[in-house]
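Descriptive analysis of the structure
Below, each chain spelled out in residue letters.
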Amino acid sequence: MAAYVHANDRFPMRLKKLRTLDVCQPLSAGHAFLSSASGLVRVGDAVYVIADDAHHLAAFGLGEQKPGRLVRLRDGDLPHDAAARKAVKPDFEILLALPLDPETKESPAPCCRLLAMGSGSAARRMHAVRIDISALGNVEAVTQLDLRPLFTALGAICDDINLEGAIVRDDRLILFNRGNMASPMTQVFSVNLADIIAGRAGGPVLEKQLVLPYAGDVPLTVTDACALDNGQILLSAVAEATGDSYADGPVVAAAFLVLDAQFNLIHSEFIEPICKIEGISAQIGDGRIDILCVSDADNPDRPSALYSAVMRI
């Protein structure tokens with residue numbers, strides 16, 4: 001398969017490390033830091049991060065170095081042993097902001113509403129959590145959502161489900177299903193957002209199958225998505241040498257990709273240092289995209305980190 005020519009094959013985009021993701025108390029792995037950050041949403045000067053092997057949401061002040069606050073999303077504690085924890089973790093791979101309905105009379109009315117979604121790659125990973133946040137940054141409500149109807153419907157049109165990114169477009173939730181070396185294409189699905197929140201299947205539609213660039217013989221596969229104000233979509237992607245959706249492998253390259261509104265790839269750039277970027281938040285400016293992103297260390301003894309980057313467009 002022909003490799004896509006990146007805009008910066010000779011001069012990769014540099015990430016700037018802002019901080020490690022230290023938190024206020026130890027998690028299941030025994031360390032007071034996130035080691036598997038997998039989703040990121042910025043709300044004003046606050047940064048919310050989800051990890052795929054924890055039952056908590058972490059909140060950080062942008063520009064601060066003090067440990068992040070933890071908010072419990074699910075009851076119970078995960079195993080300390082890494083292999084045992086991997087087998088039962090919720091695998092929250094998606095964190096995104098949901099639109100608020102101005103016609104809904106809620107008391108107290110949330111300032112922001114987040115959705116954390118499991119990947120659906122195993123039965124224990126087919127759930128979501130809706131999180132309501134007040135104007136003061138406090139979590140006011142946590143609502144559990146059963147996504148098994150959605151994943152059952154997705155399983156009828158795709159053999160290997162591993163959702164890694166999502167955006168909201170009008171009344172639809174756009175889902176990005178990650179490929180691997182055995183099945184490298186990225187599937188883009190759309191579902192009815194209201195149905196998902198209500199626990200229904202959502203009528204998934206396969207919108208597109210993306211063939212992303214390769215790094216040598218390893219395909220880039222999507223790890224997160226972020227909607228831009230101009231209708232385009234920013235993706236993070238890594239070239240991970242693994243042939244299935246469960247086992248991790250060495251990461252040989254990482255990149256940011258831009259899609260147009262019809263999900264066509266229009267721009268891509270490799271990044272350095274090479275790390276497994278799994279959560280992104282971005283704002284488009286004059287000739288640039290300002291990016292915040294978090295890494296998954298894939299090692300319970302190593303902290304994840306928050307980075308910034310600038311993509312020139």
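Residues numbered from 1 in each chain as written. Predicted model: local features only at pLDDT ≥ 70, side-chain atom pairs only at ≥ 80, totals over all residues. Heavy atoms only, no water.

This part is about the pairing of strand β17 (residues 233-240). With 8 of 8 residues buried, β17 is to be regarded as a mostly interior element. Between strand β16 (residues 218-227) and β17, which pair antiparallel one after the other, the connecting turn spans 5 residues, and Gly231 there sits at a positive phi close to 95 degrees. Summarising the sheet, β17 and strand β18 (residues 251-259) pair through 8 bridges and their orientation is antiparallel. Counted as the bridge partner of Leu235 is Leu257 from β18. (Buried < 20%, exposed > 50% of the residue type's maximum accessible area, 1.4 Å probe, protein only. Helix = DSSP H or I, 4+ residues; strand = E, 2+ residues; numbered from the N terminus. Pairing = 2+ DSSP bridges.)

Hydrogen bonds between backbone atoms are what pair the strands of a sheet, whose relative direction is either parallel or antiparallel. Taken in spatial order, the 4 strands line up as β11-β12-β13-β14 in an open sheet, and their pairing is antiparallel. Each edge of the open sheet carries a strand with a single partner, namely β11 (163-169) and β14 (205-210). Across the sheet, the mean angle from the axis of one strand to that of its neighbour is 20 degrees, orientation sign disregarded. Judged from the 6 bridges that link them, β11 and strand β12 (residues 172-177) form a sheet pairing that is antiparallel. Of the residues in β12, the one forming a bridge with Leu163 is Asn177. (Axes fitted to C-alpha atoms, helices over the stretch in contact; angles between N-to-C directions.)

A word on the environment of Asp290. Here Asp290 shows up in strand β21 (residues 288-295). A residue is classified by how much of its surface remains accessible, and Asp290, at 30% relative accessible area, is partly exposed. A sequence separation of 191 residues divides Asp290 from Pro99, and the C-alpha atoms of the two residues are 22 Å apart. Sequence-distant contacts of Asp290, defined by excluding residues within four places in its chain, comprise Ser281, Ala282, Gln283, Ala309 and Val310. Within the structure, the side chain of Asp290 is placed 2.6 Å from the side chain of Arg288, a separation counted as a polar contact. (Contact = heavy atoms within 4.5 Å. Polar contact = N/O pair within 3.5 Å; in protein donor to acceptor, adjacent residues only side chain to side chain.)

Regions with low pLDDT should not have their predicted coordinates read in detail. When pLDDT is averaged along the chain, the result is 91; 92% of the residues meet or exceed 70. Highest mean pLDDT in the chain belongs to β12 (98); lowest belongs to strand β15 (residues 214-215) (92). Considering only residues more than four positions removed or in separate chains, one finds that residues 1-7, a stretch of pLDDT under 50, has 16 contacts. (pLDDT = per-residue confidence, 0-100.)

Tallied over the full model, the rule gives 15 salt bridges. Residue Asp77 pairs with Arg72 through a salt bridge whose shortest N-O separation is 3.3 Å. Look at Asp77 and you get exposed, because its relative accessible area is 67%. On the accessibility criterion, Arg72 (35% relative accessible area) is partly exposed. Note that Asp91 is salt-bridged to Arg125, the shortest N-O span being 3.4 Å. Taken together, the positions of Asp91 in the loop between α1 (82-88) and β7 (92-98) and Arg125 in the loop between β8 (112-118) and β9 (127-133) put the pair 34 residues apart, joining distant regions of the chain. Looking at Arg125, the relative accessible area reads 3%, which means it is buried. (Salt bridge = Lys/Arg side-chain N within 4 Å of Asp/Glu carboxyl O.)

With that settled, consider the nonpolar core. Of all hydrophobic cores here, the largest spans 22 residues; its most connected members are Met117, Leu150, Leu154, Leu163, Leu173 and Leu175. For this core, the secondary-structure elements that each account for two or more residues are β7, β8, α2 (148-155), β11, β12, β13 (186-192) and α3 (193-197). Residues in contact with Met117, not counting those within four places in the same chain, are Asp91, Phe92, Glu93, Ile94, His127, Ala128, Leu147, Leu150, Leu163, Leu173 and Leu175. (Core = buried A, V, L, I, M, F, W, Y, C linked by side-chain atoms within 4.5 Å.)

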